[in-house]
Amino acid sequence: MSVYVIAEHRDGQLKRVTLELLGELKRQNITAMAVILGGPEAAPVAQSLTEFGAAKVVFLESPELSQYSTEGYANAIHAYLSTQSPMAILCGATSQGKDFLPRLAAKFQVGMAADCIALKGSGTSFTVTRPVYAGKCTKQVSFAKTPAVFSVRPNVMAAQVKTASSGAPEKASAQVGIIRAKTVEVLAPATKKVDLTEADIIISGGRSLKSADNFKIIQECAAVLGAAVGASGAAVDAGYASHDMQVGQTGKTVSPKLYIACGISGAIQHLAGMRTSKVIVAINTDPEAPIFQKADYGIVGDLFDVVPKLTEAFKKLV
Amino acid sequence: MNVVVMLKQVPDTETKIRITADKSGIEKGDIKWIINPYDEYAIEEGLKIKEGLKAGTVTVVTMGPDRCVEALRTAIAMGADNAIHIKEATEASDPFVIAQALSAAIKKENPEIVLCGKQAIDDDGSAVSGYVAELLNIPSVSVVVKIAIGPDKKDAKAEREVEGGAKHVVHCPLPALFAVNKGINTPRYASLPGIMKAKKKEIKTYSLQDLGVTAAATMTEAGYELPPERKAGKKIAGDTATQATELARLLREEAKVI
(Lines give C-alpha, C1' and ligand atoms only; values in the text may rest on other atoms or scores of the structure.)
Protein backbone atom coordinates (compact mmCIF):
# COMPACT_ATOMS: atom_id res chain seq x y z
CA MET A 1 0.00 0.00 0.00
CA SER A 2 1.88 3.02 -1.24
CA VAL A 3 1.35 6.72 -1.64
CA TYR A 4 1.57 7.98 -5.22
CA VAL A 5 2.20 11.56 -6.28
CA ILE A 6 1.18 12.31 -9.86
CA ALA A 7 3.85 14.70 -11.10
CA GLU A 8 3.12 17.65 -13.36
CA HIS A 9 5.50 19.21 -15.84
CA ARG A 10 5.39 21.82 -18.56
CA ASP A 11 8.01 22.92 -21.05
CA GLY A 12 10.48 20.39 -19.66
CA GLN A 13 10.20 21.71 -16.09
CA LEU A 14 8.60 20.08 -13.07
CA LYS A 15 5.81 22.14 -11.56
CA ARG A 16 6.74 23.39 -8.13
CA VAL A 17 3.56 21.92 -6.59
CA THR A 18 4.88 18.42 -7.36
CA LEU A 19 7.97 19.21 -5.27
CA GLU A 20 5.76 20.71 -2.57
CA LEU A 21 3.83 17.42 -2.30
CA LEU A 22 7.03 15.38 -2.16
CA GLY A 23 8.43 17.78 0.47
CA GLU A 24 5.36 17.52 2.71
CA LEU A 25 5.29 13.70 2.54
CA LYS A 26 8.99 13.60 3.38
CA ARG A 27 8.47 15.86 6.42
CA GLN A 28 5.81 13.40 7.63
CA ASN A 29 8.11 10.41 6.99
CA ILE A 30 5.69 8.97 4.45
CA THR A 31 7.32 7.03 1.64
CA ALA A 32 6.16 8.42 -1.69
CA MET A 33 6.27 7.04 -5.21
CA ALA A 34 6.07 9.50 -8.07
CA VAL A 35 4.32 8.88 -11.39
CA ILE A 36 5.10 11.07 -14.38
CA LEU A 37 3.39 10.90 -17.78
CA GLY A 38 4.53 12.07 -21.17
CA GLY A 39 5.90 11.27 -24.58
CA PRO A 40 9.51 10.21 -25.24
CA GLU A 41 10.59 13.88 -25.01
CA ALA A 42 9.67 13.85 -21.29
CA ALA A 43 12.52 11.43 -20.42
CA PRO A 44 14.85 14.20 -19.09
CA VAL A 45 12.16 15.70 -16.85
CA ALA A 46 11.29 12.18 -15.60
CA GLN A 47 14.98 11.73 -14.77
CA SER A 48 15.08 15.07 -12.91
CA LEU A 49 12.09 13.94 -10.81
CA THR A 50 14.27 11.21 -9.26
CA GLU A 51 16.19 13.94 -7.38
CA PHE A 52 13.32 15.04 -5.13
CA GLY A 53 12.95 12.37 -2.51
CA ALA A 54 10.52 9.91 -4.08
CA ALA A 55 11.42 6.28 -3.32
CA LYS A 56 10.72 5.43 -6.93
CA VAL A 57 9.76 7.30 -10.08
CA VAL A 58 7.54 5.59 -12.64
CA PHE A 59 7.50 7.09 -16.12
CA LEU A 60 4.34 6.21 -18.05
CA GLU A 61 5.41 6.86 -21.60
CA SER A 62 3.37 7.07 -24.77
CA PRO A 63 3.54 9.40 -27.79
CA GLU A 64 -0.16 10.03 -27.12
CA LEU A 65 0.77 11.59 -23.76
CA SER A 66 3.01 14.27 -25.32
CA GLN A 67 -0.05 16.43 -25.17
CA TYR A 68 -2.22 16.50 -22.06
CA SER A 69 -5.72 15.03 -22.31
CA THR A 70 -8.20 14.30 -19.53
CA GLU A 71 -8.94 10.79 -20.71
CA GLY A 72 -5.35 9.92 -21.62
CA TYR A 73 -4.13 10.83 -18.15
CA ALA A 74 -7.05 9.23 -16.26
CA ASN A 75 -6.84 6.02 -18.32
CA ALA A 76 -3.06 5.62 -18.13
CA ILE A 77 -2.79 6.39 -14.41
CA HIS A 78 -5.68 4.07 -13.60
CA ALA A 79 -4.33 1.24 -15.75
CA TYR A 80 -0.98 1.42 -13.96
CA LEU A 81 -2.08 2.16 -10.37
CA SER A 82 -4.90 -0.40 -10.33
CA THR A 83 -2.16 -3.03 -10.38
CA GLN A 84 -0.34 -1.40 -7.43
CA SER A 85 -3.13 -1.23 -4.77
CA PRO A 86 -2.33 2.41 -3.92
CA MET A 87 -3.15 3.71 -0.44
CA ALA A 88 -3.37 7.29 -1.69
CA ILE A 89 -3.14 9.25 -4.95
CA LEU A 90 -2.17 12.93 -4.78
CA CYS A 91 -1.62 15.67 -7.30
CA GLY A 92 -1.48 19.46 -7.40
CA ALA A 93 -4.78 21.34 -7.56
CA THR A 94 -3.74 22.98 -10.80
CA SER A 95 -5.71 23.46 -13.99
CA GLN A 96 -4.49 20.00 -15.07
CA GLY A 97 -4.82 18.24 -11.71
CA LYS A 98 -8.35 19.53 -11.17
CA ASP A 99 -9.25 18.29 -14.63
CA PHE A 100 -8.18 14.64 -14.61
CA LEU A 101 -8.41 13.72 -10.91
CA PRO A 102 -12.24 13.39 -10.73
CA ARG A 103 -12.29 11.02 -13.71
CA LEU A 104 -9.46 9.01 -12.18
CA ALA A 105 -11.21 8.81 -8.78
CA ALA A 106 -14.44 7.72 -10.51
CA LYS A 107 -12.54 4.82 -12.07
CA PHE A 108 -11.43 3.76 -8.59
CA GLN A 109 -15.05 4.22 -7.40
CA VAL A 110 -14.10 6.52 -4.54
CA GLY A 111 -14.74 10.14 -3.60
CA MET A 112 -12.02 12.78 -3.64
CA ALA A 113 -11.04 15.94 -1.82
CA ALA A 114 -9.96 18.90 -3.95
CA ASP A 115 -7.59 21.77 -3.23
CA CYS A 116 -6.41 20.65 0.22
CA ILE A 117 -4.27 23.02 2.30
CA ALA A 118 -3.10 20.50 4.91
CA LEU A 119 -2.68 16.75 5.02
CA LYS A 120 -1.91 14.33 7.81
CA GLY A 121 -0.89 10.80 7.01
CA SER A 122 -0.49 7.94 9.46
CA GLY A 123 1.03 5.47 7.04
CA THR A 124 -2.30 3.71 6.55
CA SER A 125 -4.69 6.62 6.19
CA PHE A 126 -4.95 10.33 5.46
CA THR A 127 -6.96 13.18 6.89
CA VAL A 128 -6.93 16.36 4.85
CA THR A 129 -8.08 19.92 5.45
CA ARG A 130 -9.70 21.83 2.64
CA PRO A 131 -11.23 25.28 2.36
CA VAL A 132 -14.88 25.52 1.40
CA TYR A 133 -17.12 28.53 0.63
CA ALA A 134 -14.07 30.10 -1.06
CA GLY A 135 -12.11 29.90 2.17
CA LYS A 136 -14.77 31.37 4.44
CA CYS A 137 -14.26 28.15 6.43
CA THR A 138 -12.33 24.88 6.29
CA LYS A 139 -13.35 21.27 6.85
CA GLN A 140 -11.56 18.01 7.46
CA VAL A 141 -12.07 15.02 5.22
CA SER A 142 -11.10 11.41 5.92
CA PHE A 143 -11.30 8.53 3.53
CA ALA A 144 -13.24 5.35 4.28
CA LYS A 145 -12.01 3.49 1.20
CA THR A 146 -8.68 3.24 -0.55
CA PRO A 147 -7.22 4.85 -2.44
CA ALA A 148 -7.57 8.22 -0.72
CA VAL A 149 -7.65 10.63 -3.66
CA PHE A 150 -6.93 14.32 -3.17
CA SER A 151 -5.36 17.38 -4.76
CA VAL A 152 -3.28 19.96 -2.89
CA ARG A 153 -3.28 23.71 -3.42
CA PRO A 154 -0.05 25.10 -4.86
CA ASN A 155 2.06 27.52 -2.77
CA VAL A 156 0.95 26.14 0.61
CA MET A 157 3.65 23.60 1.48
CA ALA A 158 7.44 23.93 1.36
CA ALA A 159 9.01 22.32 -1.69
CA GLN A 160 11.43 19.40 -1.50
CA VAL A 161 14.99 20.47 -2.19
CA LYS A 162 17.18 18.54 -4.58
CA THR A 163 18.71 15.38 -3.12
CA ALA A 164 20.55 12.39 -4.52
CA SER A 165 18.79 10.67 -7.40
CA SER A 166 16.88 7.48 -6.59
CA GLY A 167 18.19 6.08 -9.87
CA ALA A 168 16.76 5.87 -13.33
CA PRO A 169 12.96 6.12 -13.59
CA GLU A 170 11.13 2.83 -14.02
CA LYS A 171 9.62 2.94 -17.48
CA ALA A 172 6.19 1.46 -17.99
CA SER A 173 4.37 1.48 -21.28
CA ALA A 174 1.29 3.66 -20.80
CA GLN A 175 -2.15 2.27 -21.60
CA VAL A 176 -3.87 5.45 -22.71
CA GLY A 177 -7.03 3.77 -24.01
CA ILE A 178 -9.43 5.77 -26.15
CA ILE A 179 -9.01 9.55 -26.06
CA ARG A 180 -12.17 11.20 -27.38
CA ALA A 181 -11.60 14.81 -26.27
CA LYS A 182 -8.35 16.06 -27.81
CA THR A 183 -6.69 19.45 -27.90
CA VAL A 184 -6.51 20.48 -31.55
CA GLU A 185 -5.18 24.00 -31.10
CA VAL A 186 -3.45 26.05 -28.41
CA LEU A 187 -4.38 29.72 -28.25
CA ALA A 188 -1.42 31.44 -26.62
CA PRO A 189 -2.10 34.65 -24.71
CA ALA A 190 -0.90 37.95 -26.15
CA THR A 191 1.39 38.27 -23.17
CA LYS A 192 2.35 35.31 -21.05
CA LYS A 193 0.86 35.75 -17.61
CA VAL A 194 1.86 34.23 -14.31
CA ASP A 195 -1.14 32.20 -13.14
CA LEU A 196 -2.72 33.74 -10.06
CA THR A 197 -2.99 30.47 -8.16
CA GLU A 198 0.72 29.79 -8.57
CA ALA A 199 2.05 33.34 -8.20
CA ASP A 200 4.35 34.34 -5.32
CA ILE A 201 3.25 37.94 -5.48
CA ILE A 202 -0.11 39.32 -6.65
CA ILE A 203 -1.02 42.97 -7.13
CA SER A 204 -4.75 43.47 -7.55
CA GLY A 205 -6.82 46.41 -8.63
CA GLY A 206 -10.39 47.29 -7.74
CA ARG A 207 -13.15 49.36 -9.24
CA SER A 208 -11.38 52.55 -8.11
CA LEU A 209 -9.09 52.08 -11.14
CA LYS A 210 -12.03 53.42 -13.19
CA SER A 211 -10.96 51.86 -16.52
CA ALA A 212 -9.23 48.90 -18.13
CA ASP A 213 -6.54 51.32 -19.35
CA ASN A 214 -5.68 52.40 -15.84
CA PHE A 215 -4.76 48.80 -14.96
CA LYS A 216 -1.47 49.74 -16.67
CA ILE A 217 -0.19 51.30 -13.47
CA ILE A 218 -0.82 48.00 -11.65
CA GLN A 219 0.85 46.06 -14.48
CA GLU A 220 3.91 48.33 -14.40
CA CYS A 221 4.30 47.79 -10.67
CA ALA A 222 3.76 44.03 -11.05
CA ALA A 223 6.38 43.82 -13.81
CA VAL A 224 9.06 45.14 -11.44
CA LEU A 225 8.42 42.34 -8.94
CA GLY A 226 7.55 39.61 -11.45
CA ALA A 227 4.10 39.57 -9.88
CA ALA A 228 0.76 38.44 -11.30
CA VAL A 229 -2.02 40.99 -11.74
CA GLY A 230 -5.37 40.30 -10.11
CA ALA A 231 -8.67 42.14 -9.86
CA SER A 232 -11.67 42.38 -7.59
CA GLY A 233 -15.03 41.01 -8.72
CA ALA A 234 -16.29 44.59 -8.95
CA ALA A 235 -13.49 45.54 -11.37
CA VAL A 236 -14.20 42.45 -13.50
CA ASP A 237 -17.95 43.09 -13.55
CA ALA A 238 -17.27 46.69 -14.58
CA GLY A 239 -15.26 45.37 -17.53
CA TYR A 240 -11.88 46.75 -16.36
CA ALA A 241 -10.24 43.31 -16.13
CA SER A 242 -10.80 39.85 -17.61
CA HIS A 243 -12.48 37.22 -15.45
CA ASP A 244 -9.36 35.03 -15.32
CA MET A 245 -7.86 37.84 -13.21
CA GLN A 246 -10.65 37.75 -10.64
CA VAL A 247 -9.70 36.95 -7.06
CA GLY A 248 -12.52 35.90 -4.76
CA GLN A 249 -15.54 33.68 -4.46
CA THR A 250 -16.53 33.59 -8.12
CA GLY A 251 -12.91 33.85 -9.18
CA LYS A 252 -9.70 32.36 -7.91
CA THR A 253 -8.67 31.60 -4.36
CA VAL A 254 -5.04 32.51 -3.92
CA SER A 255 -2.34 32.27 -1.25
CA PRO A 256 0.72 34.18 -2.44
CA LYS A 257 3.59 35.33 -0.22
CA LEU A 258 2.53 38.92 -0.83
CA TYR A 259 -0.85 40.31 -1.87
CA ILE A 260 -1.16 44.02 -2.60
CA ALA A 261 -4.76 45.25 -2.89
CA CYS A 262 -5.05 48.59 -4.65
CA GLY A 263 -8.34 50.44 -4.48
CA ILE A 264 -10.15 47.35 -3.21
CA SER A 265 -12.53 47.96 -0.32
CA GLY A 266 -12.64 44.33 0.79
CA ALA A 267 -16.05 42.82 0.04
CA ILE A 268 -16.64 39.48 1.79
CA GLN A 269 -16.33 37.61 -1.54
CA HIS A 270 -12.91 39.15 -2.22
CA LEU A 271 -11.55 38.68 1.31
CA ALA A 272 -12.52 34.99 1.16
CA GLY A 273 -10.34 34.52 -1.90
CA MET A 274 -7.12 36.15 -0.62
CA ARG A 275 -7.16 35.95 3.17
CA THR A 276 -4.66 33.09 3.29
CA SER A 277 -1.99 35.26 1.65
CA LYS A 278 1.06 35.42 3.91
CA VAL A 279 1.44 39.20 3.83
CA ILE A 280 -1.36 41.56 2.78
CA VAL A 281 -0.93 45.21 1.82
CA ALA A 282 -3.90 47.52 1.31
CA ILE A 283 -3.89 50.85 -0.50
CA ASN A 284 -7.20 52.68 -0.31
CA THR A 285 -8.49 56.23 0.06
CA ASP A 286 -11.10 55.17 2.62
CA PRO A 287 -9.48 54.61 6.04
CA GLU A 288 -12.60 52.67 7.11
CA ALA A 289 -12.41 50.17 4.21
CA PRO A 290 -12.75 46.58 5.55
CA ILE A 291 -9.58 45.55 3.68
CA PHE A 292 -7.49 47.42 6.30
CA GLN A 293 -8.78 45.01 8.98
CA LYS A 294 -7.02 42.16 7.12
CA ALA A 295 -3.92 44.01 5.99
CA ASP A 296 -0.50 43.71 7.57
CA TYR A 297 0.48 47.05 6.05
CA GLY A 298 -1.90 49.78 5.01
CA ILE A 299 -1.54 53.05 3.14
CA VAL A 300 -4.46 55.43 3.24
CA GLY A 301 -4.12 57.23 -0.04
CA ASP A 302 -5.06 57.47 -3.67
CA LEU A 303 -3.76 54.50 -5.62
CA PHE A 304 -3.08 56.77 -8.61
CA ASP A 305 -0.50 58.62 -6.44
CA VAL A 306 0.77 55.72 -4.37
CA VAL A 307 1.18 52.90 -6.90
CA PRO A 308 3.54 54.74 -9.34
CA LYS A 309 5.71 55.84 -6.38
CA LEU A 310 5.69 52.27 -5.10
CA THR A 311 6.80 51.08 -8.52
CA GLU A 312 9.76 53.49 -8.27
CA ALA A 313 10.56 52.33 -4.73
CA PHE A 314 10.49 48.66 -5.82
CA LYS A 315 12.76 49.47 -8.79
CA LYS A 316 15.41 50.76 -6.36
CA LEU A 317 15.27 47.51 -4.37
CA VAL A 318 15.24 44.78 -6.98
CA MET B 1 -30.44 18.27 -29.61
CA ASN B 2 -31.29 17.52 -25.98
CA VAL B 3 -29.33 19.36 -23.34
CA VAL B 4 -29.23 18.51 -19.66
CA VAL B 5 -27.91 21.15 -17.26
CA MET B 6 -26.80 20.09 -13.79
CA LEU B 7 -27.25 22.81 -11.24
CA LYS B 8 -26.75 23.26 -7.53
CA GLN B 9 -28.36 25.54 -5.03
CA VAL B 10 -25.73 27.31 -2.91
CA PRO B 11 -25.59 30.09 -0.29
CA ASP B 12 -25.48 33.59 -1.75
CA THR B 13 -21.92 34.92 -2.07
CA GLU B 14 -22.76 37.63 0.50
CA THR B 15 -23.34 34.95 3.14
CA LYS B 16 -21.29 35.23 6.31
CA ILE B 17 -20.51 31.62 7.18
CA ARG B 18 -21.14 30.44 10.76
CA ILE B 19 -20.19 26.98 12.03
CA THR B 20 -22.55 24.72 13.99
CA ALA B 21 -21.68 24.05 17.66
CA ASP B 22 -20.63 20.45 16.92
CA LYS B 23 -18.50 21.66 13.97
CA SER B 24 -20.24 19.21 11.63
CA GLY B 25 -21.22 21.86 9.14
CA ILE B 26 -22.46 25.42 8.70
CA GLU B 27 -25.53 27.11 10.17
CA LYS B 28 -28.15 27.09 7.42
CA GLY B 29 -31.01 28.81 9.24
CA ASP B 30 -31.01 32.25 7.64
CA ILE B 31 -29.09 31.66 4.45
CA LYS B 32 -30.35 33.17 1.20
CA TRP B 33 -30.07 30.43 -1.45
CA ILE B 34 -29.19 31.08 -5.06
CA ILE B 35 -28.37 29.05 -8.15
CA ASN B 36 -24.60 28.45 -8.19
CA PRO B 37 -23.35 31.39 -10.35
CA TYR B 38 -21.30 29.12 -12.64
CA ASP B 39 -24.40 26.96 -13.22
CA GLU B 40 -26.29 30.06 -14.39
CA TYR B 41 -23.78 30.31 -17.24
CA ALA B 42 -24.48 26.62 -17.99
CA ILE B 43 -28.24 27.24 -18.11
CA GLU B 44 -27.74 30.21 -20.42
CA GLU B 45 -25.44 28.19 -22.68
CA GLY B 46 -28.01 25.38 -22.85
CA LEU B 47 -30.71 27.85 -23.86
CA LYS B 48 -28.43 29.44 -26.46
CA ILE B 49 -27.61 26.04 -27.98
CA LYS B 50 -31.31 25.18 -28.23
CA GLU B 51 -32.14 28.58 -29.73
CA GLY B 52 -29.23 28.37 -32.17
CA LEU B 53 -30.32 24.99 -33.48
CA LYS B 54 -34.04 25.83 -33.23
CA ALA B 55 -34.65 22.33 -31.89
CA GLY B 56 -34.35 20.26 -28.77
CA THR B 57 -35.04 20.67 -25.10
CA VAL B 58 -33.19 21.96 -22.06
CA THR B 59 -33.69 19.90 -18.91
CA VAL B 60 -32.30 21.04 -15.57
CA VAL B 61 -31.45 18.58 -12.83
CA THR B 62 -30.43 19.08 -9.23
CA MET B 63 -29.91 16.97 -6.14
CA GLY B 64 -30.65 18.11 -2.63
CA PRO B 65 -33.37 18.91 -0.08
CA ASP B 66 -36.81 20.26 -0.98
CA ARG B 67 -35.70 23.90 -1.03
CA CYS B 68 -33.71 23.15 -4.23
CA VAL B 69 -36.99 23.07 -6.19
CA GLU B 70 -36.86 26.86 -6.04
CA ALA B 71 -33.59 26.80 -8.04
CA LEU B 72 -35.20 24.50 -10.63
CA ARG B 73 -38.19 26.86 -10.97
CA THR B 74 -35.83 29.81 -11.47
CA ALA B 75 -34.15 27.87 -14.31
CA ILE B 76 -37.56 27.14 -15.88
CA ALA B 77 -38.41 30.83 -15.60
CA MET B 78 -35.19 31.56 -17.53
CA GLY B 79 -36.41 29.23 -20.29
CA ALA B 80 -35.60 25.60 -19.40
CA ASP B 81 -38.23 23.12 -20.59
CA ASN B 82 -38.12 20.42 -17.94
CA ALA B 83 -36.78 19.93 -14.45
CA ILE B 84 -35.72 16.94 -12.38
CA HIS B 85 -35.27 16.94 -8.61
CA ILE B 86 -33.30 14.16 -6.95
CA LYS B 87 -34.45 14.32 -3.36
CA GLU B 88 -31.61 13.96 -0.92
CA ALA B 89 -32.08 15.52 2.49
CA THR B 90 -28.62 14.94 3.98
CA GLU B 91 -26.79 17.02 1.36
CA ALA B 92 -24.19 14.36 0.66
CA SER B 93 -20.76 15.79 -0.11
CA ASP B 94 -19.06 12.68 -1.54
CA PRO B 95 -18.73 13.48 -5.25
CA PHE B 96 -18.83 9.77 -6.13
CA VAL B 97 -22.24 9.33 -4.47
CA ILE B 98 -23.61 12.58 -5.94
CA ALA B 99 -22.39 11.68 -9.43
CA GLN B 100 -23.93 8.22 -9.29
CA ALA B 101 -27.35 9.76 -8.67
CA LEU B 102 -26.95 12.56 -11.21
CA SER B 103 -25.62 10.28 -13.94
CA ALA B 104 -28.44 7.76 -13.40
CA ALA B 105 -31.03 10.54 -13.78
CA ILE B 106 -29.24 12.06 -16.79
CA LYS B 107 -28.99 8.70 -18.55
CA LYS B 108 -32.79 8.45 -18.67
CA GLU B 109 -32.88 11.73 -20.65
CA ASN B 110 -30.38 10.51 -23.25
CA PRO B 111 -28.86 13.97 -23.87
CA GLU B 112 -26.34 14.90 -26.55
CA ILE B 113 -24.94 17.64 -24.34
CA VAL B 114 -24.52 17.81 -20.57
CA LEU B 115 -23.61 21.19 -19.06
CA CYS B 116 -22.77 22.48 -15.62
CA GLY B 117 -20.67 25.17 -13.96
CA LYS B 118 -16.93 24.52 -13.53
CA GLN B 119 -17.42 24.40 -9.76
CA ALA B 120 -20.06 25.00 -7.12
CA ILE B 121 -19.11 27.94 -4.92
CA ASP B 122 -20.05 26.14 -1.70
CA ASP B 123 -17.91 22.99 -1.68
CA ASP B 124 -15.51 24.32 -4.36
CA GLY B 125 -14.66 20.76 -5.37
CA SER B 126 -14.79 21.07 -9.20
CA ALA B 127 -15.20 17.31 -9.09
CA VAL B 128 -18.77 16.19 -9.82
CA SER B 129 -18.65 17.02 -13.54
CA GLY B 130 -15.64 14.74 -14.14
CA TYR B 131 -17.28 11.91 -12.21
CA VAL B 132 -20.56 12.27 -14.11
CA ALA B 133 -18.77 12.20 -17.47
CA GLU B 134 -16.82 9.11 -16.43
CA LEU B 135 -19.95 7.32 -15.18
CA LEU B 136 -21.83 8.23 -18.37
CA ASN B 137 -18.75 7.17 -20.35
CA ILE B 138 -18.68 10.39 -22.37
CA PRO B 139 -15.84 12.86 -23.05
CA SER B 140 -15.65 15.98 -20.92
CA VAL B 141 -14.07 19.40 -21.15
CA SER B 142 -13.67 21.61 -18.08
CA VAL B 143 -13.33 25.39 -17.57
CA VAL B 144 -15.01 26.04 -20.92
CA VAL B 145 -15.44 29.59 -22.25
CA LYS B 146 -16.78 28.79 -25.73
CA ILE B 147 -18.71 25.91 -27.28
CA ALA B 148 -19.26 25.46 -31.02
CA ILE B 149 -21.45 22.55 -32.15
CA GLY B 150 -20.36 20.91 -35.42
CA PRO B 151 -22.57 21.36 -38.53
CA ASP B 152 -23.82 17.76 -38.43
CA LYS B 153 -24.36 17.98 -34.65
CA LYS B 154 -22.16 14.96 -34.09
CA ASP B 155 -19.22 16.77 -32.56
CA ALA B 156 -18.18 20.00 -30.87
CA LYS B 157 -15.19 22.23 -30.28
CA ALA B 158 -14.77 23.81 -26.88
CA GLU B 159 -12.27 26.40 -25.69
CA ARG B 160 -10.99 25.68 -22.22
CA GLU B 161 -8.92 28.04 -20.10
CA VAL B 162 -5.64 26.71 -18.81
CA GLU B 163 -3.09 28.51 -16.65
CA GLY B 164 -1.07 31.47 -17.82
CA GLY B 165 -3.88 32.98 -19.90
CA ALA B 166 -3.67 30.29 -22.62
CA LYS B 167 -6.66 28.43 -24.04
CA HIS B 168 -6.90 24.95 -25.47
CA VAL B 169 -9.34 24.24 -28.27
CA VAL B 170 -10.63 20.74 -27.55
CA HIS B 171 -12.49 18.68 -30.12
CA CYS B 172 -14.76 15.84 -29.07
CA PRO B 173 -17.62 13.74 -30.41
CA LEU B 174 -21.09 14.13 -28.89
CA PRO B 175 -22.54 13.24 -26.48
CA ALA B 176 -20.17 15.15 -24.24
CA LEU B 177 -20.08 17.11 -21.00
CA PHE B 178 -18.90 20.72 -20.73
CA ALA B 179 -18.19 22.41 -17.39
CA VAL B 180 -18.37 26.13 -18.12
CA ASN B 181 -16.61 29.16 -16.69
CA LYS B 182 -17.58 32.76 -16.15
CA GLY B 183 -17.06 34.68 -19.38
CA ILE B 184 -18.84 32.22 -21.69
CA ASN B 185 -22.02 34.32 -21.83
CA THR B 186 -24.25 36.68 -19.88
CA PRO B 187 -27.13 34.82 -18.21
CA ARG B 188 -30.56 36.23 -18.97
CA TYR B 189 -33.08 37.24 -16.36
CA ALA B 190 -36.27 35.28 -15.89
CA SER B 191 -39.15 36.66 -17.97
CA LEU B 192 -42.59 37.35 -16.52
CA PRO B 193 -44.30 34.68 -18.67
CA GLY B 194 -41.42 32.40 -17.70
CA ILE B 195 -42.08 32.97 -14.03
CA MET B 196 -45.79 32.19 -14.54
CA LYS B 197 -44.90 29.01 -16.44
CA ALA B 198 -42.38 27.98 -13.80
CA LYS B 199 -44.99 28.15 -11.04
CA LYS B 200 -47.18 25.54 -12.71
CA LYS B 201 -44.50 23.33 -14.19
CA GLU B 202 -44.51 19.77 -12.93
CA ILE B 203 -41.11 18.70 -11.66
CA LYS B 204 -39.99 15.11 -12.08
CA THR B 205 -38.84 13.72 -8.74
CA TYR B 206 -36.60 10.78 -7.93
CA SER B 207 -35.34 9.33 -4.68
CA LEU B 208 -31.86 7.80 -4.53
CA GLN B 209 -33.57 4.38 -4.39
CA ASP B 210 -35.49 5.17 -7.59
CA LEU B 211 -32.12 5.72 -9.27
CA GLY B 212 -30.61 2.57 -7.83
CA VAL B 213 -28.02 4.47 -5.80
CA THR B 214 -27.24 2.55 -2.65
CA ALA B 215 -23.50 3.19 -2.30
CA ALA B 216 -22.42 4.45 1.09
CA ALA B 217 -20.22 7.53 1.25
CA THR B 218 -16.56 6.71 0.66
CA MET B 219 -15.37 9.65 2.75
CA THR B 220 -16.45 11.48 5.88
CA GLU B 221 -16.19 15.12 6.83
CA ALA B 222 -15.94 16.83 10.19
CA GLY B 223 -14.16 19.60 11.99
CA TYR B 224 -15.51 22.68 10.25
CA GLU B 225 -13.52 25.72 11.37
CA LEU B 226 -13.43 29.39 10.61
CA PRO B 227 -10.03 30.52 9.41
CA PRO B 228 -7.87 32.32 11.98
CA GLU B 229 -8.76 36.00 12.15
CA ARG B 230 -6.13 38.29 10.68
CA LYS B 231 -5.15 41.24 12.80
CA ALA B 232 -5.10 44.69 11.32
CA GLY B 233 -1.46 45.68 10.96
CA LYS B 234 0.23 49.04 10.76
CA LYS B 235 -0.83 52.01 8.71
CA ILE B 236 2.09 53.79 7.16
CA ALA B 237 2.10 57.55 7.65
CA GLY B 238 3.76 60.39 5.75
CA ASP B 239 3.51 61.87 2.28
CA THR B 240 3.03 59.52 -0.64
CA ALA B 241 6.71 59.24 -1.52
CA THR B 242 7.63 58.48 2.11
CA GLN B 243 4.79 55.94 2.40
CA ALA B 244 5.90 54.15 -0.76
CA THR B 245 9.57 54.01 0.26
CA GLU B 246 8.70 52.90 3.78
CA LEU B 247 6.36 50.16 2.50
CA ALA B 248 9.01 48.84 0.12
CA ARG B 249 11.54 48.83 3.00
CA LEU B 250 9.15 46.97 5.36
CA LEU B 251 8.33 44.37 2.72
CA ARG B 252 12.03 43.77 2.17
CA GLU B 253 13.40 44.01 5.72
CA GLU B 254 10.53 43.13 8.06
CA ALA B 255 8.20 40.86 6.08
CA LYS B 256 11.02 39.56 3.84
CA VAL B 257 8.67 38.91 0.93
CA ILE B 258 10.38 40.89 -1.83
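Residues numbered from 1 in each chain as written. Chains lettered and ligands numbered in written order. Predicted model: local features only at pLDDT ≥ 70, side-chain atom pairs only at ≥ 80, totals over all residues.

Enquirer: Honestly, the sheet that holds strand β6 (residues 88-92) of chain A in this entry has me stumped. Any pointers?
Expert: One key point about sheets: their strands pair by backbone hydrogen bonds, in either a parallel or an antiparallel sense. Residues and elements named next belong to chain A. A sheet is described by the order of its strands in space; here 7 strands give the open sequence β7-β11-β6-β1-β4-β5-β12, paired in parallel fashion. The open sheet has two free edges, formed respectively by β7 (113-116) and β12 (170-173), since each of these has just one partner strand. For this sheet, the mean angle separating the axes of adjacent strands, direction not counted, is 25°. The sheet contact formed by β6 and strand β11 (residues 148-152) spans 5 bridges and is parallel. Residue pairing in the sheet places G92 in a bridge with V152 of β11. (Pairing = 2+ DSSP bridges. Helix = DSSP H or I, 4+ residues; strand = E, 2+ residues; numbered from the N terminus. Axes fitted to C-alpha atoms, helices over the stretch in contact; angles between N-to-C directions.)

Enquirer: Can you walk me through the sheet that holds strand β5 (residues 82-87) of chain B in this structure?
Expert: Spatially, β13(A)-β9(B)-β8(B)-β7(B)-β10(B)-β6(B)-β1(B)-β4(B)-β5(B)-β11(B) is the arrangement adopted by the 10 strands of the open sheet, whose pairing is mixed. Pairing within the sheet leaves two strands with one partner each, and these edge strands are β13 (182-187) of chain A together with β11 (204-207) of chain B. On average, each strand axis in the sheet is inclined to that of its neighbour by 30°, with strand direction left out of account. Two strands pair when backbone bridges link them, and strand β6 (residues 113-117) of chain B and strand β10 (residues 176-180) of chain B are joined in this way by 5 bridges, in the parallel orientation. Bridged to G117 of chain B within β10 of chain B is V180 of chain B. With respect to the sheet, helix α1 (residues 37-53) of chain B is in contact with β1 (2-6), β4 (57-64), β6, β7 (140-149) and β10 of chain B, its orientation differing from that of β6 of chain B by roughly 150°. (Contact = placed C-beta atoms within 7 Å.)

Enquirer: I'm lost on helix α6 (residues 240-253) of chain B in this one. Help?
Expert: Residue pairs three or four apart in sequence face the same way in an α-helix, which turns once every 3.6 residues. Between its first and last C-alpha atoms α6 of chain B spans 20 Å; for 14 residues at 1.5 Å apiece the expected length is 20 Å, and the two agree. Every buried residue belonging to α6 of chain B is among Q243, A244, L247, A248, L250 and L251 of chain B, and all of these are buried. All buried residues of α6 of chain B lie within an arc of 165° about the axis, which places them on one face of the element. Residues of α6 of chain B that are buried make contact with β16 (258-262), β17 (279-284), β18 (297-300) and α9 (303-317) of chain A. (Expected span 1.5 Å × (residues − 1). Buried ≥ 20, exposed ≤ 12 C-beta atoms within 10 Å, placed from the backbone. Arc of directions from axis to C-beta.)

Enquirer: Teacher, can you tell me more about the interface of chain A and chain B here?
Expert: One frequent convention defines the size of an interface as the accessible area lost when the parts assemble. With 79 residues of chain A at the interface, the matching set in chain B holds 74 residues. Sort the elements by how many residues they give to the side of chain A that touches chain B and helix α4 (residues 95-107) of chain A lands first, with 8 residues. For the side of chain A that touches chain B, the residue count by class is 37 nonpolar, 18 polar and 24 charged. Looking at chain direction, β13 of chain A and strand β9 (residues 167-173) of chain B are connected through 5 bridges and run antiparallel. Along β9 of chain B, the bridge assignment pairs L187 of chain A with K167 of chain B. (Nonpolar A, V, L, I, M, F, W, Y, C, P; charged D, E, K, R; others polar.)

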